[in-house]
Amino acid sequence: MIETININWPHGAIDPRIHCPACGTQVISPLAEEGPGCHHVIFMIDSESGEFNYITEDFDTLLQPFRKENEDEFGEWEATDAFMEESELDTFYVMNLILPGESEDGDDSVCLRIGFEMFFNEDQQELYDELERRHDADGLHDHSQN
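One structure accompanies this document, and this report is about it. What you see is a predicted model, and the numbers here were worked out from it, not measured in a lab.

### What to know about the pairing of strand β3 (residues 52-55)
Working step 1: When strand β2 (residues 41-46) meets β3, the two strands line up antiparallel, connected through 3 bridges. Note on β3: the bridge partner recorded for I45 is F52.
Working step 2: Linking β2 to β3, which pair antiparallel, is a turn of 5 residues; within it G50 sits at a positive phi near 75°.

### Digging into the pairing of β2
Working step 1: The element β2 is largely enclosed, with a buried count of 6 among its 6 residues.
Working step 2: With 5 bridges connecting them, β2 and strand β5 (residues 110-117) associate as antiparallel partners. In the sheet register, I45 faces β5, and the bridge partner there is R113.

### Here's the deal with the sheet that holds β5
Working step 1: Across the sheet, 5 strands lie side by side as β1-β4-β5-β2-β3; this open sheet has mixed pairing. Single-partner strands in this sheet number two, and they are β1 (3-8) and β3. Strand-to-strand twist across the sheet, computed as the mean angle between neighbouring axes with direction ignored, equals 15°.
Working step 2: Across 8 bridges, the pairing between strand β4 (residues 92-99) and β5 is antiparallel. Looking across to β5, one finds that N96 is bridged to R113.

### Some thoughts on helix α2 (residues 76-86)
Working step 1: Of all the positions in α2, only E76, W77, A79, T80, A82, F83 and M84 are classed as buried.
Working step 2: Check the buried side of α2 and you find it contacts β1, β2, β3, α1 (57-63), β4 and β5.

### Considerations on the layout of surface pockets
Working step 1: Taken as a whole, the second largest pocket encloses approximately 230 Å³ of empty space.
Working step 2: What lines the second largest pocket is a set of 14 residues, and nearest its centre among them are W9, I14, D15, P16 and L99.
Working step 3: Residues of the lining of the second largest pocket, tallied by class, amount to 10 nonpolar, 2 polar and 2 charged.

### Quick look at the pattern of salt bridges
Working step 1: A full pass over the atoms with the stated rule returns 3 salt bridges.
Working step 2: In this structure, R67 engages D60 in a salt bridge whose closest nitrogen and oxygen atoms are separated by 2.6 Å.
Working step 3: For D60, a relative accessible area of 32% corresponds to the partly exposed category.
Working step 4: The partner of R113 in a salt bridge is D81, and the shortest N-O contact between them spans 2.6 Å. On the criterion of sequence distance, the pair formed by R113 in strand β5 and D81 in helix α2 is long-range, its members being 32 residues apart.
Working step 5: According to the relative accessible area criterion, R113 is buried, its value standing at 6%.
Working step 6: The class for D81 is partly exposed, based on a relative accessible area of 32%.

About the criteria used
Residues numbered from 1 in each chain as written. Predicted model: local features only at pLDDT ≥ 70, side-chain atom pairs only at ≥ 80, totals over all residues. Heavy atoms only, no water. Pairing = 2+ DSSP bridges. Helix = DSSP H or I, 4+ residues; strand = E, 2+ residues; numbered from the N terminus. Buried < 20%, exposed > 50% of the residue type's maximum accessible area, 1.4 Å probe, protein only. Axes fitted to C-alpha atoms, helices over the stretch in contact; angles between N-to-C directions. Contact = heavy atoms within 4.5 Å. 1 Å grid on protein atoms, 1.4 Å probe; cavity = no way out; pocket = protein on both sides within 12 Å on 5 of 7 lines; lining within 4 Å. Points joined across faces, edges and corners; volume = space filled by probe spheres on them. Nonpolar A, V, L, I, M, F, W, Y, C, P; charged D, E, K, R; others polar. Salt bridge = Lys/Arg side-chain N within 4 Å of Asp/Glu carboxyl O.

Printed below as a string of structure tokens:
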């Protein structure tokens, strides 16, 4: 199962500005036409249309076994659900941003799902190890080492 976090956006709040948890790049608001501008983002899909707002070729290929093209009620949103439920890849992280609708019961809320792939190559692993070294036993940053 893919690690997932749900964020409930407050009704009436300003448009969300979501940043990549790995590199800090702003990935939505506004979304550039050519994509999110962050190589960690592998897809964006919303529950209202059920179609991808953005998808990388690699993820499109990875998602193929989870698609059921012969079933009318099983679209891209459902294929993404199946991937998240069945996949055991540990490099993926999904954020569900739940945007409230106009009705008070929340039935018309929209979920914007953003998938991230976070991995470390050898150079990034050295940086990660250094960052880990700068934390104490409780996981708090030791500012004396800056």
